[in-house]
Amino acid sequence: MVAIANQKGGVGKTTTAINLGGYLAQSGRRVLLVDMDPQGNVATCLGIRKHDLAYTVGEVLLGEVEIQQAIIASGRPGLDLLPATPDLAGTAVALAGVLARETRLRHALQPMAGWYDLVLIDCPPSLGLLTINGLVAAHQVLIPLQCEFLALEGLAQLRETIELVRTHLNQRLHIGGVVMTMYDGRANLARQVVEEVRRYFPQRIFNTIIPRNVRLSEAPSHGALIYEYDPTSRGAKAYAALAEELLQREEAKR
Ligand code: ADP
Ligand code: MG
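**Student:** What am I meant to see in the side chain of Asn213 here?
**Tutor:** Mapped onto the elements, Asn213 comes out in the loop between α9 (188–200) and α10 (214–218). With residues up to four places along the chain from it excluded, the contact list for Asn213 reads Ser233, Arg234 and Gly235.

**Student:** Would you take a moment to explain the site of ligand 1 for this structure?
**Tutor:** Around ligand 1 lies a shell of 14 residues, among which Gly10, Thr14, Thr15, Pro211 and Asn213 are the nearest. Here an oxygen atom of ligand 1 sits 2.9 Å away from a polar atom, N or O, in the main chain of Thr14. Between Asn213 and ligand 1, the recorded distance is 2.9 Å, taken from a backbone N or O atom to a nitrogen atom. At the level of elements, α1 (13–26) and α10 are the ones that each hand at least two residues to the shell around ligand 1. Among the residues forming the shell around ligand 1, the class breakdown is 5 nonpolar, 7 polar and 2 charged.

**Student:** Could you clarify how one ought to interpret empty space enclosed by the protein in this entry?
**Tutor:** One way to see where empty space is left: roll a probe the size of a water molecule over the atoms. Summed over all chains, the structure comprises 1 cavity of 30 Å³ or more. By volume, the largest cavity is sized at about 40 Å³. Along the walls of the largest cavity sit Thr15, Ile18, Asn19, Leu216, Ala219, Pro220, Ala224, Leu225 and Ile226, which together make up its complete lining. Here the residues of the lining of the largest cavity are counted per class, giving 7 nonpolar, 2 polar and no charged.

**Student:** Looking at this structure, I do not really get the sheet that holds strand β2 (residues 31–35). What am I missing?
**Tutor:** Strands in a sheet are paired, the pairing made by backbone hydrogen bonds, and the direction either parallel or antiparallel. Read from one edge to the other, the open sheet built from 7 strands follows the order β3-β4-β2-β5-β1-β6-β7, with strand pairing classed as mixed. The two strands at the open ends of the sheet, each matched to only one other strand, are β3 (72–76) and β7 (174–181). Each adjacent strand pair in this sheet contributes to an overall mean axis angle of 25°, direction not counted. The pairing of strand β1 (residues 2–4) with strand β5 (residues 118–122) spans 3 bridges and is classified as parallel. Across the sheet, the residue bridging to Val2 is Leu120, located in β5. Against the sheet, α9 makes contact with β6 (140–146) and β7, and its axis sits at roughly 170° relative to β7, the strand it touches most.

**Student:** Sorry if this is basic, but what is going on with the packing of aromatic side chains here?
**Tutor:** To describe a pair of aromatic rings, you give the distance between the ring centres and the angle between the ring planes. Taken as a whole and assessed by the stated rule, the structure comprises 2 aromatic pairs. Where Tyr200 meets Phe201, the ring centres are 5.1 Å apart and the plane angle is 90°; that geometry is what we call edge-to-face. A relative accessible area of 34% places Tyr200 in the partly exposed class. Positioned above the aromatic ring of Tyr200, the side-chain terminus of Arg159 is 4.9 Å from the ring centre. The ring of Phe206 has Arg249 lying over it, and the distance from NZ or CZ to the ring centre is 3.9 Å.

Procedures and definitions
- Residues numbered from 1 in each chain as written.
- Chains lettered and ligands numbered in written order.
- Predicted model: local features only at pLDDT ≥ 70, side-chain atom pairs only at ≥ 80, totals over all residues.
- Heavy atoms only, no water.
- Helix = DSSP H or I, 4+ residues; strand = E, 2+ residues; numbered from the N terminus.
- Contact = heavy atoms within 4.5 Å.
- Near = heavy atom within 4 Å.
- Polar contact = N/O pair within 3.5 Å; in protein donor to acceptor, adjacent residues only side chain to side chain.
- Nonpolar A, V, L, I, M, F, W, Y, C, P; charged D, E, K, R; others polar.
- 1 Å grid on protein atoms, 1.4 Å probe; cavity = no way out; pocket = protein on both sides within 12 Å on 5 of 7 lines; lining within 4 Å.
- Points joined across faces, edges and corners; volume = space filled by probe spheres on them.
- Pairing = 2+ DSSP bridges.
- Axes fitted to C-alpha atoms, helices over the stretch in contact; angles between N-to-C directions.
- Phe/Tyr/Trp six-rings, centres within 6.5 Å; stacked < 30°, edge-to-face > 60°.
- Buried < 20%, exposed > 50% of the residue type's maximum accessible area, 1.4 Å probe, protein only.
- Lys NZ or Arg CZ within 6 Å of the ring centre and 35° of its normal.

Listed below in structure tokens is the structure:
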């Protein structure tokens, strides 16, 4: 299980979750995408209309429905979704008052362990209870970082949160890697940022760097993943390579 987290918004978490999930499903893995962001963008990006959703992750976290009732097929082989809607914001508030509030997602996902090769959890842009639930359920965190000024800002806080979760709630959690996103090779600044992050996270940074590519930002409005919308775009090639690199890293760990 992989949580995709960074408390900054707009760094490419959701884009990474859906396209990485898409390529992994294409390569024959059974993938579950879990949307932990009240913006509920994952369903929209996959072309699923909100009013077609019976239940969402919010009801699952509160124990109102079984997870199997809320998981839906994305319409692509091997790619399922546990969706979110804006109601999740209210759920997060309600969750603060329930027992075992940090471990609700992990608990809910337990019966699905044999069903999926990979669960990708798209976290919201905060370090609140929803992100904590994602970190507690996961084995590893992927951190997307935008190749821009202040990319590393807030990272100390994220690492501290990961460390706290590891100490108190989830010993197996580790930082799986940092994904540099929205890279503009023409900008000196972007190159400097990548160098700086390499110093800060030696080995952990993925070799694959995601370029800034307008096709990646257009695809969601067509309810399409990048390999459906424009498989030859630079963005598509980059996410295919990232999926390959993630699989190789997993192989290497065995
Ligand atoms: P987050 O989930 O971290 O808030 P998103 O994945 O939603 O970030 O990305 C924020 C915005 O940037 C979205 O409009 C998305 O389509 C766009 N975007 C993401 N990655 C890229 C990229 N590599 N190139 C161009 N646009 C991108
Ligand atoms: Mg997002």
